[in-house]
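Spelled out, the chains give:
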Amino acid sequence: MTTVYFVRHAHSPWVPNREAERPLSEEGREAADRIADLLADEAVDAVVSSPFARARETVAPLAEHHGLDVAIDEGFRERQLTDGPVESIGETFESAVAAVWEDWSYAWPDGESSLDAQRRGLAALDRVLSRYENGAVVVGTHGQLLTSLLNYYDDRFDADFWRDKLTTPDVYQAEFVDGEIVAIERRYSPDA
């Protein structure tokens, strides 16, 4: 059995057109330390992250605690809605996201559909499951990508889950046998 701890990044202030570079806020750094504490006693063989700063910074304290480097996998980056600000296509962030959740094959110009993002994330997950078979891996990622990944295995993880239940940060522990998910549970409580 392979254990994957999916970690959605902690709070990061919005900076237009700087999606990959946005760092954690002070609140986000404190939450990253709480995640490190939460998983401190777990056996962790590797920490893999989206290249985006907020995802890397969220899992960095945990990696440091376990004496591990943070490996980067481009496949765990957030979905690209479009090339540039969504206002350039006449949308708000909310309306642009709603469209790609409503129709999983729809993509804005130079953006990714939910299906495309899911396929990219699943390919990254397959790399993790192959490389760390029977191990435990922490994966730092993003809300929409995480939701689309989990949706592949369980349709409860949908736009409503992303919008109403997923927190910033969040942690979901998934158990895999032969590439199939056999259990999933939430490990993070924002009130703790």
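Per an unreviewed UniProt entry, the protein chain goes by Phosphoglycerate mutase and derives from Halogranum salarium B-1.

Trainee: Even after reading the chapter, I still don't get the nonpolar core, so can you show me in this structure?
Mentor: Inside soluble globular proteins, nonpolar side chains tend to come together where they are buried. Ranked by internal contacts, the top residues of the largest apolar core, which has 34 residues, are Val4 and Phe6. Put simply, the parts of the chain that give this core at least two residues each are β1 (2-8), β2 (46-49), α3 (93-102), α4 (114-131), β4 (136-141), α5 (143-153), α6 (159-165) and β5 (170-177). The greatest single-element share of this core, amounting to 6 residues, is contributed by α4. If we ignore the near neighbours within four places in the chain, the residues touching phenylalanine 6 are Leu125, Val139, Leu146, Leu149, Leu150, Asp170, Val171, Tyr172, Ala174 and Phe176.

Trainee: Can you walk me through the packing of aromatic side chains in this structure?
Mentor: For any two aromatic rings, the description comes down to two numbers: the centre-to-centre distance and the angle of the planes. Inspection of every chain in the model, using the stated rule, returns 9 aromatic pairs. In this arrangement the basic side chain of arginine 79 is found over the ring face of tryptophan 101, its NZ or CZ atom lying 5.2 Å from the centre.

Trainee: Explain helix α1 (residues 26-38) to me, please; I cannot follow it from the model alone.
Mentor: Working note: α-helix, 3.6 residues per turn, so residues spaced by three or four point in the same direction. End to end, α1 covers 19 Å across 13 residues, agreeing with the expected 18 Å (1.5 Å per residue, within 8%). Here α1 has its buried residues at Gly28, Ala31, Ala32, Ile35 and Ala36. Angularly, the buried residues of α1 cover 150° about the axis, an arc narrow enough to put them on a single face. More than 90 degrees from the buried face of α1, the exposed residues found are Glu27 and Asp37.

Trainee: For this particular structure, what's the right way to read the side chain of threonine 167?
Mentor: Tracing the backbone shows threonine 167 in the loop between α6 and β5. Polar side-chain contacts of threonine 167 include one of 3.0 Å to the side chain of arginine 186. Excluding residues that lie within four positions of it along the chain, threonine 167 makes contacts with Arg8, Arg186, Tyr188 and Pro190.

Trainee: Just to check I follow, could you spell out the packing of α4 against α5 for this structure?
Mentor: Two numbers describe a pair of packed helices, the interaxial angle and the distance between the axes. The interhelical angle for the contact between α4 and α5, taken along N-to-C directions, is 80°, at an axis separation of 9 Å. Taken as axis vectors, α4 and α5 run roughly perpendicular relative to one another. The residues of α5 that touch α4, namely those facing Ser114, Ala117, Gln118, Arg120, Gly121, Leu122 and Leu125, are Leu145, Ser148, Leu149, Asn151, Tyr152 and Tyr153. For the contact of α4 with α5, the residue count by class is 7 nonpolar, 5 polar and 1 charged.

Trainee: Quick question: what am I supposed to make of the sheet that holds strand β6 (residues 180-186) here?
Mentor: Hydrogen bonds between backbone atoms are what pair the strands of a sheet, whose relative direction is either parallel or antiparallel. Pairing in this open sheet of 6 strands is mixed, and the strands run β3-β2-β4-β1-β5-β6 from one edge to the other. Two strands lie at the open edges of the sheet, namely β3 (70-72) and β6, each paired on one side alone. Each neighbouring strand pair of the sheet contributes to a mean axis angle of 25°, computed without reference to strand direction. Running at roughly 140° to β1, α4 makes contact with β1, β2, β4 and β5 of the sheet.

Trainee: Explanation requested: the pattern of salt bridges in the structure shown.
Mentor: One side chain can pair with another of opposite charge once the charged atoms of both are near each other. Applying the stated criterion to the full structure yields 11 salt bridges. With a shortest N-O distance of 2.8 Å, glutamate 26 and arginine 29 are connected by a salt bridge. On the criterion of helical spacing, the pair formed by glutamate 26 and arginine 29 is a turn pair, its members being 3 residues apart in helix α1. Since its relative accessible area comes to 39%, arginine 29 is described here as partly exposed. The salt bridge involving arginine 187 is made with glutamate 42; its shortest N-O contact spans 3.2 Å. Linking arginine 187 in the segment after β6 with glutamate 42 in the loop between α1 and β2, this pair joins segments that are 145 residues apart in sequence. A relative accessible area of 25% places glutamate 42 in the partly exposed class.

What counts and how
Residues numbered from 1 in each chain as written. Predicted model: local features only at pLDDT ≥ 70, side-chain atom pairs only at ≥ 80, totals over all residues. Heavy atoms only, no water. Core = buried A, V, L, I, M, F, W, Y, C linked by side-chain atoms within 4.5 Å. Buried < 20%, exposed > 50% of the residue type's maximum accessible area, 1.4 Å probe, protein only. Helix = DSSP H or I, 4+ residues; strand = E, 2+ residues; numbered from the N terminus. Contact = heavy atoms within 4.5 Å. Phe/Tyr/Trp six-rings, centres within 6.5 Å; stacked < 30°, edge-to-face > 60°. Lys NZ or Arg CZ within 6 Å of the ring centre and 35° of its normal. Expected span 1.5 Å × (residues − 1). Arc of directions from axis to C-beta. Polar contact = N/O pair within 3.5 Å; in protein donor to acceptor, adjacent residues only side chain to side chain. Axes fitted to C-alpha atoms, helices over the stretch in contact; angles between N-to-C directions. Parallel < 35°, antiparallel > 145°, perpendicular 65-115°, else oblique. Nonpolar A, V, L, I, M, F, W, Y, C, P; charged D, E, K, R; others polar. Pairing = 2+ DSSP bridges. Salt bridge = Lys/Arg side-chain N within 4 Å of Asp/Glu carboxyl O.

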